[in-house]
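Analysis of the macromolecular model
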Amino acid sequence: MSRSAHPAGPRYADVLPEGGHSAAPADLNRLDTRIWPGGAARDARSGAVTFAGVDIRELAREFGTPVYLIDEDDWRRRARAWVEAFGTEADVFYAGKSFLSVAIAKWAAEEGLHLDVCTGGELAVALRAGFPAARLGFHGNNKSVAELERAVAAGVGRIIVDSHDEIERLAAIAAERGVRQRVMVRVTAGVEAHTHEFIATAHEDQKFGFSLAGGAAAEAVARILKHADHLELTGLHSHIGSQIFDTAGFEVAAHRLIEALAVIRRDHGVELPELDLGGGLGIAYTEADDPAPVAETARRLKEIVARECDAAGLAHPRLSVEPGRAIAGPPGVTLYEVGTVKPLPGLRTYISVDGGMSDNVRTALYDAEYTVRLANRESGAEPMLSRVVGKHCESGDIVVRDAWLPADTVPGDLLVVAATGAYCRSMASNYNHVLKPPVVAVRDGAARVIVRRETEDDLLSLDLG
Ligand SMILES: *Cc1c(COP(=O)(O)O)cnc(C)c1O
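With an unreviewed UniProt entry as reference, the chain is termed Diaminopimelate decarboxylase, source organism Catenulispora subtropica. The UniProt entry for the chain carries the following text under Sequence similarities (unreviewed entry): "Belongs to the Orn/Lys/Arg decarboxylase class-II family. LysA subfamily." As stated in UniProt under Pathway (unreviewed entry), the record for the chain gives "Amino-acid biosynthesis; L-lysine biosynthesis via DAP pathway; L-lysine from DL-2,6-diaminopimelate: step 1/1."

Laid out in structure tokens, this is it:
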């Protein structure tokens, strides 16, 4: 069966490659710098992978497997690159849903990022970290009254409203507290961006946002402006998709958003000062992915907005963007131990590791593709077409669907999967009562647990018998 990877699911991928798998790479030991974090390398003597200066076998011994490892310097470097690329006239909101912990929120604050949360739980983590509330954005299509109250009380810098119900709720909460809450309106611009193409006339049959074309966005704006005592409308927001590799989709979205800003000025006499183009910039999971450098993306997005605003005769709004994966994905890897090796003659070899869909659901959910390498040693053996699978009672429990691994891979070997820093720990489950792995940050040869491994006691503490 042919397959194509898209984070939004196979139904979005209309170009399915034939054959089902790529050719074997020339060098099974190589760590492609476009895919692996800056701190990942092979030790010249042992052939084992070193991670931010630590032998990965050491990390396996000390913290057990499976384990999520984050190259802290790489994470911070990417965060800084985004902040610097967009400069002082724009704000970069890290999408916390990609992966958030107290340590991560602190790194984000230190590196000058703003932070997006979309539930009370994510907000709680940000507040626990002491993240400056004024630099928080709060998303979600169904924020509860309690979540909104907490966000307003905490002084969250902006709330991205997503329904007429929410506008009324939020206005009432702000009125009761005697404050004026800054809000943006999330719109669906009718653009849907995919890995390698976008649709400018995407269906609007989805739960997020107010339709621009259908007039719902205009009504939301009018309602917010009526509540001007308690809601301060700062701008429009759009998020067009995920794992996007060029700016064409953003260009169409920006055009429509800026058109809407011009209509708002005509109808209400106000020029909204902010514009958010969302997240979605892609990363390299395999050699087939080729993301543009962030400096280039930033330059293009700023250019697009400037050009569209000039054409509409509008002052340039303050731009914001919301990368998640592009910051958190590449610095993270997952380290597993091989438990069983099962050759299926004429088909492939199934290599079972000690985790699976509970620590990385993206392969099962989105047909995502990953790159995997033997980590505890080098090998000169022939490439073997493999499938790396987990330990769950489910045949869809696949970590890497089509993997080339050395033919001498045996139980006890360590495998490392690249680019798992986003949407893996944050989407982890306890399926089969498997315990969630820890997250270990490694920097300058030193490792630190930032989220500890779950224990059976953790699991059973919720079970009241
Ligand atoms: C998911 C999401 C993001 C982040 O998407 P990435 O693909 O991780 O960059 C940004 N903004 C909004 C509103 C989102 O829902």
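Additional details are given in the paragraphs that follow.
Let us look at the pattern of salt bridges. Taken as a whole and judged by the stated rule, the model has 33 salt bridges. A salt bridge links D367 to R401; the nearest nitrogen and oxygen atoms lie 2.8 Å apart. One end of the pair, D367, is in the loop between α11 (362-366) and β18 (372-374); the other, R401, is in strand β20 (residues 398-406), and 34 residues separate them in sequence. With respect to class, D367 is no different from R401; both count as buried. With its nearest N and O atoms 3.2 Å apart, the salt bridge here joins R377 to D408. On the criterion of sequence distance, the pair formed by R377 in the loop between β18 and β19 (383-389) and D408 in the loop between β20 and β21 (414-417) is long-range, its members being 31 residues apart. In this structure D408 comes out as partly exposed when scored by relative accessible area, which is 30%.

Here we come to the site of the ligand. For the ligand, the set of nearby residues contains 14 residues, the closest of which are K97, G280, E322, R325 and Y423. Take S242: an N or O atom from its side chain is 3.1 Å from an oxygen atom of the ligand. Residue Y423 places a side-chain N or O atom 2.5 Å away from an oxygen atom belonging to the ligand. Surface burial for the ligand is 94%, taken as the share of its 390 Å² of free accessible area covered by protein chains. Residue classes in the shell around the ligand are distributed as three nonpolar, seven polar and four charged.

Here we come to the packing of aromatic side chains. Taken as a whole and assessed by the stated rule, the structure comprises four aromatic pairs. Relative to W107, the ring of W75 lies with its centre 5.5 Å away and its plane at 70°, an arrangement referred to as edge-to-face. In this pair, W75 is assigned in helix α2 (residues 72-86) and W107 in helix α3 (residues 102-110), connecting sequence segments 32 residues apart. Take W75: its relative accessible area is 1%, and that puts it in the buried class. Residues W82 and F86 carry aromatic rings whose centres are separated by 5.7 Å and whose planes lie at 10° to one another, so their mutual orientation is stacked. Placement of both W82 and F86 in helix α2 is noted, with a separation of four residues, approximately one turn of the helix. Each of the two residues, W82 as well as F86, counts as buried. Clustering of aromatic rings is evident, with ring pairs tying together W75, Y94 and W107.

The rules behind the values
Residues numbered from 1 in each chain as written. Predicted model: local features only at pLDDT ≥ 70, side-chain atom pairs only at ≥ 80, totals over all residues. Heavy atoms only, no water. UniProt positions renumbered as here; feature names shortened; annotations may be inferred. Salt bridge = Lys/Arg side-chain N within 4 Å of Asp/Glu carboxyl O. Helix = DSSP H or I, 4+ residues; strand = E, 2+ residues; numbered from the N terminus. Buried < 20%, exposed > 50% of the residue type's maximum accessible area, 1.4 Å probe, protein only. Near = heavy atom within 4 Å. Polar contact = N/O pair within 3.5 Å; in protein donor to acceptor, adjacent residues only side chain to side chain. Areas by Shrake-Rupley, 256 points an atom, 1.4 Å probe, with all protein chains shown as cover. Nonpolar A, V, L, I, M, F, W, Y, C, P; charged D, E, K, R; others polar. Phe/Tyr/Trp six-rings, centres within 6.5 Å; stacked < 30°, edge-to-face > 60°.

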